[in-house]
Amino acid sequence: MTRSFRTAVLFRQPLLAAALALTLVAGGVAAWAGWSWYGAAHDESADYAAARDAALEAGEQAVQNLNTLDHRQLDRGLDLWEASTTGELHSQLAKGRKEFSVQVAEAQTVSTAKVLSGALTELDQRAGRARVLVALRVTVRASGAKATEKDSRMLGELTRTKGHWKLSALGQAPVGDTATD
C-alpha cells in the first residue's frame, strides 16, 4: 500500500479516522496521568508535609495536656502529662509528681486548656526535633471560687521517640516588645 492510498482510505472512512484519533488521545492522557501519579507518589514534599502535620498535631495536644488537670482525677492527669513528655521535661515532672499532687489536691483546682491556634516553627525530620508555638486559653476553677480564664502562648520543643512526637521542653512565649531601653 502506498502512502497516498492509506490516507485516501482514512478520509473515506471517517469513523476509522475518529477511532484512531481517540485512541491516540486516550494513550496520551493515560501516559500523562501515569507520569503525574508517579511524580506525586514519589514527591518528598508530600512526606515533609505529613511529618509537619503530625508534629504540629502532637505538639498542640501535648501542650493542651500539660495545661489540663483535675484534682479529682489527679493520677490520670499526671499520667497523661508523663505520657506526653520525654527527656529532661519528663524527668522533672516525674521527680516532682508527689509534691505537686499534694499541692493540687489541697487547692482543689480544675484547669482545662483549649488550643486556639498553633504553628510549627521548626522541623528537622532527620534529627527528630521540632519546635511549636501554641496559643491557648486556660480556664482554672478553684473550689468555691469563680473560674478564671487566661490566654497564653507557649513555646515547645518536640522530640520524636519511637515514631511519636513528645514534648521535651515547654515555656511561655514572650509577649509584645521585649526590648529594654
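Residues numbered from 1 in each chain as written. Predicted model: local features only at pLDDT ≥ 70, side-chain atom pairs only at ≥ 80, totals over all residues. Heavy atoms only, no water.

**Student:** Please clarify how the overall build of the protein should be interpreted in this entry.
**Tutor:** Check the secondary structure of the protein and you find six helices and five strands. Counting from the amino terminus, helix and strand elements in the protein follow one another as α-α-α-β-α-α-α-β-β-β-β. Every one of the 181 residues in the protein was classed for burial, and the buried ones make up 24%. Taking as baseline every contact in the protein between residues at least 6 positions apart, the subset at least 24 positions apart corresponds to 50%. (Helix = DSSP H or I, 4+ residues; strand = E, 2+ residues; numbered from the N terminus. Buried < 20%, exposed > 50% of the residue type's maximum accessible area, 1.4 Å probe, protein only. Contact = heavy atoms within 4.5 Å.)

**Student:** It is not clear to me how the side chain of serine 111 should be interpreted in this structure. Could you clarify?
**Tutor:** Summarising the element assignment, serine 111 is placed in strand β2 (residues 109-124). In this structure serine 111 comes out as buried when scored by relative accessible area, which is 14%. Within the structure, the side chain of serine 111 is placed 3.5 Å from the backbone oxygen of asparagine 67, a separation counted as a polar contact. Ignoring sequence-local partners within four residues, the contact set of serine 111 consists of Asn67, Thr68, Leu69, Val138, Thr139 and Val140. (Polar contact = N/O pair within 3.5 Å; in protein donor to acceptor, adjacent residues only side chain to side chain.)

**Student:** Any chance you could explain the sheet that holds strand β1 (residues 69-70) here in plain terms?
**Tutor:** The strands that make up a sheet are held in pairs by hydrogen bonds between backbone atoms, and each pair lies either parallel or antiparallel. Taken together, the five strands give an open sheet; going across it, the order is β1-β2-β3-β4-β5, and neighbouring strands pair in antiparallel fashion. Each edge of the open sheet carries a strand with a single partner, namely β1 and β5 (164-172). Contacts from helix α3 (residues 44-66) reach β2, β3 (129-142), β4 (148-161) and β5 within the one sheet, and its direction differs from that of β2 by about 155°. (Pairing = 2+ DSSP bridges. Axes fitted to C-alpha atoms, helices over the stretch in contact; angles between N-to-C directions.)

**Student:** Sorry, what's going on with helix α6 (residues 97-107) here?
**Tutor:** One turn of an α-helix holds 3.6 residues; hence residues three or four places apart share an orientation. Of all the residues in α6, the buried ones are Arg97, Ser101 and Val104. The arc that holds every buried residue of α6, seen down its axis, measures 70°, which confines them to one face. Residues of α6 that are exposed and point more than 90 degrees away from the buried face comprise Lys98, Glu99 and Glu106. Next to the buried residues of α6 lie β1, α4 (74-83), α5 (87-95) and β2. (Arc of directions from axis to C-beta.)

**Student:** Explanation requested: α4 in the structure shown.
**Tutor:** Every buried residue of α4 is listed here: Leu74, Gly77, Leu78, Trp81 and Glu82. The arc enclosing the buried residues of α4, seen along the axis, measures out at 140°, which places them on a common side. Residues of α4 that are exposed and angled more than 90 degrees away from the buried face: Asp75 and Arg76. Packing partners of the buried residues in α4 comprise α3, β1, α5 and α6.

**Student:** What exactly am I supposed to notice about the pattern of salt bridges here?
**Tutor:** Should the charged atoms of two oppositely charged side chains come close, the side chains can pair. Applying the stated criterion across every chain, the model contains nine salt bridges. A salt bridge links arginine 72 to aspartate 70; the nearest nitrogen and oxygen atoms lie 2.8 Å apart. Aspartate 70 sits in the buried class, given a relative accessible area of 17%. Among the salt bridges present, the one from arginine 97 reaches aspartate 79, with a minimum N-O distance of 2.8 Å. Linking arginine 97 in helix α6 with aspartate 79 in helix α4, this pair joins segments that are 18 residues apart in sequence. You can call arginine 97 buried: its relative accessible area is 19%. What emerges from the salt-bridge pattern is a single network uniting Asp75, Asp79, Glu82 and Arg97. (Salt bridge = Lys/Arg side-chain N within 4 Å of Asp/Glu carboxyl O.)

**Student:** What is the right way to look at the environment of leucine 56 in this model?
**Tutor:** Relative to the helices and strands, leucine 56 is located in helix α3. Spatially, the C-alpha atoms of leucine 56 and threonine 121 are 9.3 Å apart, while their sequence positions differ by 65 residues. Discounting residues that sit within four places of it in the chain, leucine 56 has contacts with Gly118, Ala119, Leu120 and Val132.

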